[in-house]
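# Secondary and tertiary structure notes
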Amino acid sequence: MTVRRPVLLISNVLPQRPGDPAYDVYVDRLWASLEAAAAPHWQVVREYAQIDGPRVAVEKVLRVDGVVLMGGEDLDPGLYGGPSNYPEEGHHWTRADLAHTALVRTAVAHRIPLLGICRGMQAINVALGGTLVQHMDAPGHLNPDIVSDHVFARHGVHIEADSHLAEVLGPLADLDVSSAHHQCVERAGLDLRVVAHAPDGTVEAVEHVDAPVLGVQWHPED
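Residues numbered from 1 in each chain as written. Predicted model: local features only at pLDDT ≥ 70, side-chain atom pairs only at ≥ 80, totals over all residues. Heavy atoms only, no water.

So, on to the overall build of the protein. Looking only at helices and strands, the protein features 6 helices and 11 strands. In terms of overall dimensions, the protein is globule-like: its C-alpha atoms have a radius of gyration of 16 Å, near the 17 Å expected for 222 residues. Across the 222 residues in the protein, those meeting the buried criterion constitute 52%. Across the protein, contacts joining residues at least 24 apart in sequence account for 71% of those joining residues at least 6 apart. Of the accessible surface of the protein, which amounts to about 10,300 Å², a share of 55% is contributed by carbon and sulfur atoms. Here the protein carries 15 positive and 30 negative side-chain charges, and the mean point of each set is 10 Å from the other. (Helix = DSSP H or I, 4+ residues; strand = E, 2+ residues; numbered from the N terminus. Rg over C-alpha atoms; globule rule 2.2 N^0.38 Å. Buried < 20%, exposed > 50% of the residue type's maximum accessible area, 1.4 Å probe, protein only. Contact = heavy atoms within 4.5 Å. Areas by Shrake-Rupley, 256 points an atom, 1.4 Å probe, with all protein chains shown as cover. Lys, Arg positive; Asp, Glu negative; His and termini not counted. Charge placed at Lys NZ, Arg CZ, Asp CG, Glu CD.)

Before going further, it helps to examine unusual backbone geometry. If you check the backbone angles, N85 has positive phi at about 60° while not being a glycine. Structurally, the position occupied by N85 is in the loop between β3 (66–69) and α3 (94–110). A relative accessible area of 73% places N85 in the exposed class. Here C118, not a glycine, exhibits a phi torsion of approximately 55°, which is positive.

Packing of helix α2 (residues 49–61) against α3 brings their axes to within 7 Å, and their N-to-C directions diverge by 15°. Looking at the two axes, α2 sits roughly parallel to α3. Handedness of the crossing formed by α2 with α3: left-handed. Contact residues: α2 offers A49, Q50, I51, D52, G53, P54, A57, V58 and V61, while α3 offers T94, R95, A96, L98, A99, H100, A102, L103 and T106. Considering only residue class, the contact of α2 with α3 consists of 11 nonpolar, 5 polar and 2 charged. (Axes fitted to C-alpha atoms, helices over the stretch in contact; angles between N-to-C directions. Parallel < 35°, antiparallel > 145°, perpendicular 65-115°, else oblique. Left-handed = near helix turned anticlockwise from the far one by under 90°. Nonpolar A, V, L, I, M, F, W, Y, C, P; charged D, E, K, R; others polar.)

With that out of the way, let us pick up the sheet that holds strand β6 (residues 153–159). Strands pair in a sheet through their backbones, by hydrogen bonds, and they do so in one of two ways: parallel or antiparallel. In spatial order, the strands read β2-β1-β3-β4-β11-β10-β9-β6-β7; together these 9 strands make up an open sheet with mixed pairing. Only two strands of the sheet have a single neighbouring strand rather than two, namely β2 (43–48) and β7 (174–179). Geometrically, the sheet is characterised by an average inter-axis angle of 25° between neighbouring strands, direction not taken into account. Two elements, strand β1 (residues 7–12) and β2, share 6 bridges in a ladder whose sense is parallel. In the sheet register, S11 faces β2, and the bridge partner there is E47. (Pairing = 2+ DSSP bridges.)

A few words on the pattern of salt bridges. For the coordinates displayed, the defined rule picks out 10 salt bridges. Among the salt bridges present, the one from R29 reaches D222, with a minimum N-O distance of 2.8 Å. Of the two residues, R29 is situated in helix α1 (residues 21–38) and D222 in the segment after β11 (213–216); the sequence distance between them amounts to 193 residues. Residue classification places R29 among the partly exposed positions, given a relative accessible area of 33%. Overall, the relative accessible area of 37% leaves D222 in the partly exposed class. For E59, the salt bridge goes to R55, with nearest N and O atoms at 2.8 Å. Taken together, the residues span about one helical turn, with E59 and R55 both in helix α2 at a distance of 4 residues. Residue classification places E59 among the partly exposed positions, given a relative accessible area of 33%. (Salt bridge = Lys/Arg side-chain N within 4 Å of Asp/Glu carboxyl O.)

You can see G201 is positioned in the loop between β9 (192–197) and β10 (203–208). The partly exposed category is assigned to G201, whose relative accessible area is 42%. The sequence separation of G201 and V157 amounts to 44 residues, and the corresponding C-alpha distance is 9.5 Å.

A separate point is the packing of α3 against helix α4 (residues 119–127). As a packed pair, α3 and α4 sit with axes 9 Å apart at the nearest point and diverge in direction by 70°. As summarised for this structure, α3 and α4 are arranged roughly perpendicular, according to the angle between their axes. Contact residues: A96, D97, H100, T101, V104 and R105 in α3; R119, A123, I124, V126 and A127 in α4. Across the contact of α3 with α4, the residue classes tally to 6 nonpolar, 2 polar and 3 charged.

And the structure:
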């Protein structure tokens, strides 16, 4: 008898960033790492939120057993009441942002396991009414040459001992992580608990108090 493998949806913004092949190579490396980790246990389905939009993204998440939201571009600040024209602001893919925030709310409502990585964690927070620090002053969270050299910044993280994240990681309550971001969680969204911090106080993980939804600011796929 054939045993059905659970289906994992891995969602990103776009299959390619227009005019930026170096960025595409960098993201493809992270895709490959995620798929290699998932392949022994999951049937992996790719999803591109800018192409699908909110309706199709929600339809897809309702057909799978788990979701990973990858990192990527800044979220549209209009979704969390932030101003435009902030330092290091990049292009915003608003259709993708609306798709990811709708996907998050659907996962929470239907208790579909979801992991958000970097931008994915920020999408979880914004989807549930939280806000973001638009540009961080703290150094050590981003290598400015990462798109070309693929070297992540490294720093420590402390995880709260009574969190689900600590339960998953076991004895690794304090660990070094791979980091690549210039934004982070400011105010946590509804029913989200902050469960990890960097030494400088940056929020490094959030988890939902009821649904199986977790976000980490670092890149475990590195």
